[in-house]
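This is what each chain is made of:
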Amino acid sequence: MPASSTTRAQGSLKRVNRSMSSAKGSWRSTVQMGVLAAWVGLMAFGTLVVWSASLTIADASFPRHLLGMGLGIICAIAVWRADLRNLANISTALLVADIVCIFLPFVPGLSHNAQGMTGWIRVPLIGLTFQPVEIAKLLTVFFMASLGAQYNGKIDTVRDYIKLCAMLAVPFICIIIQGDLGSSLVVFFSGAIVIMMSGARKEWVLSTIALIIGLVSLILATDSIIDSVFDDSVSLIKNYQMNRLLVFIDPASGQSDEAYNLLQSLIAVGSGGFFGKGIGNATQSGSGFLPEAHTDFVFALLSETFGFAGAVLVLGLFALLMLSTIRVAVKSDNLFLRLVCVGIVGMWMFQIFENIGMCIGLMPITGIPLPFISFGSSSMIAQCIAVGIVQSCWRCRSKAA
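In what follows, the accompanying structure is described. Since this is a predicted model, take the numbers as computed values, not measurements.

**A short note on the packing of aromatic side chains**
According to the stated counting rule, one finds nine aromatic pairs in the structure shown. Taken together, a centroid distance of 5.6 Å and an interplanar angle of 40 degrees make the contact between Tyr 161 and Trp 204 tilted. With Tyr 161 in helix H6 (residues 158-178) and Trp 204 in helix H8 (residues 202-229), this pair connects stretches of sequence that are 43 residues apart. The two residues Tyr 161 and Trp 204 agree in class, both being buried. Aromatic pair Phe 274 and Phe 275: ring centres 4.7 Å apart, planes at 75 degrees, arrangement edge-to-face.

Put into structure tokens, the structure is as follows:
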């Protein structure tokens, strides 16, 4: 081969290599690979769990799960391509949007009752049902992050700290009014994490925790007095909520539905062994012994089907997701984006700990889904949007982005 031809070939090869290296670097600069890998892994495993549930549970519609995944992926990509930094300047609009989302189920013509729950809406024209509080969780994170970012990493006065706590109390109380205790706790925990990371002093946080414990104790004591004087119609705490608390304290204390559900969940988790019973063979979860096995108690279904190994795999993927999101927060030059990532980690952490904890008797029973695993399009779409938010924060992590 002539020397000129060899030189031209080598030059072309170098240009191709440079182009590939540039594309690879561009991909890594816009996509956080740890978050992406964990997301894909959890979505794939969740699909397998829901498909397994659909073989024996009529309400676990596999096509509907795939529809929720598809919509979630589309929303995640759209959010990933957006620049979210400007949201730091519209805290009032974020609060209004948050409250509107929370109270949408009370709007005539939109309200939809799903299995006795009133926190749903039916989207006009297309007829799909949706739970707006899932989006309200993310709006609360943005709202609290926009407020926290104004203090530049240090809250100097008690007055400012109380102001932030009061702002968090607005969506928290609104969701309580709606009657969704589980979602209100998610909002409270994620918002509290944002406040702490905004520069609140440790003694203020510890004092607040002590105050909350005292208020909860006072409410429980007051409720007992009211019950002894009046009937259950004027109770501060609903019967099913009190039953869940009593079952958590002493699982063998009563014969309520909550005690039965916890017992069946423990049996399902324990019977899975190391590698599980296999797809379609979950007798406790699939034969109707454990209610809501594909939603609230999906971890029990997962453990019975795939065993200890499957549970460890899911926990590993969740750990990768949250650690990678923390890395996004650490690498970001923008305080608002850092606080958003921290708030999302707090949201995931509480939901994971609560859902798994209630299935094994470590936490009170609530209706909190396991992210990416539980059946439900509303939760799936919201969790995918959260991933898109984290990827957007990674893409815009530097001031030059």
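Moving on, there is more to tell.
**Quick word on the nonpolar core**
Ranked by size, the top nonpolar core spans 100 residues in total, and within it Val 340, Ile 344, Trp 348, Phe 372, Ile 373 and Ile 389 carry the most contacts. The greatest single-element share of this core, amounting to 16 residues, is contributed by helix H13 (residues 335-359). For Ile 389, the contacting residues outside a window of four places in its chain are Val 79, Leu 84, Leu 138, Phe 142, Val 340 and Ile 344.

**Some thoughts on the packing of helix H2 (residues 33-54) against helix H3 (residues 62-80)**
Where H2 meets H3, the axes come as close as 9 Å, and the angle between the chain directions of the two elements is 165 degrees. With respect to H3, the element H2 is oriented roughly antiparallel. For the crossing formed where H2 meets H3, the hand is right-handed. Taking contact as the criterion, the partners of Trp 39, Met 43, Gly 46, Thr 47, Val 50, Trp 51 and Ser 54 in H2 are, on H3, Phe 62, His 65, Leu 66, Met 69, Ile 73 and Ala 76. Class assignment for the residues of the contact of H2 with H3 results in nine nonpolar, four polar and no charged.

**Quick notes on unusual backbone geometry**
The backbone of Asn 152 shows a phi angle near 55 degrees, a positive value even though the residue is not glycine. Relative to the assigned elements, Asn 152 resides in the loop between helix H5 (133-148) and H6. Note on Asn 152: relative accessible area 67%, which makes it exposed. A positive phi angle is found at Phe 372, which is not glycine, with a value near 70 degrees. On the secondary structure map, Phe 372 appears in the loop between H13 and helix H14 (377-395).

Conventions adopted
Residues numbered from 1 in each chain as written. Predicted model: local features only at pLDDT ≥ 70, side-chain atom pairs only at ≥ 80, totals over all residues. Heavy atoms only, no water. Phe/Tyr/Trp six-rings, centres within 6.5 Å; stacked < 30°, edge-to-face > 60°. Helix = DSSP H or I, 4+ residues; strand = E, 2+ residues; numbered from the N terminus. Buried < 20%, exposed > 50% of the residue type's maximum accessible area, 1.4 Å probe, protein only. Core = buried A, V, L, I, M, F, W, Y, C linked by side-chain atoms within 4.5 Å. Contact = heavy atoms within 4.5 Å. Axes fitted to C-alpha atoms, helices over the stretch in contact; angles between N-to-C directions. Parallel < 35°, antiparallel > 145°, perpendicular 65-115°, else oblique. Left-handed = near helix turned anticlockwise from the far one by under 90°. Nonpolar A, V, L, I, M, F, W, Y, C, P; charged D, E, K, R; others polar.

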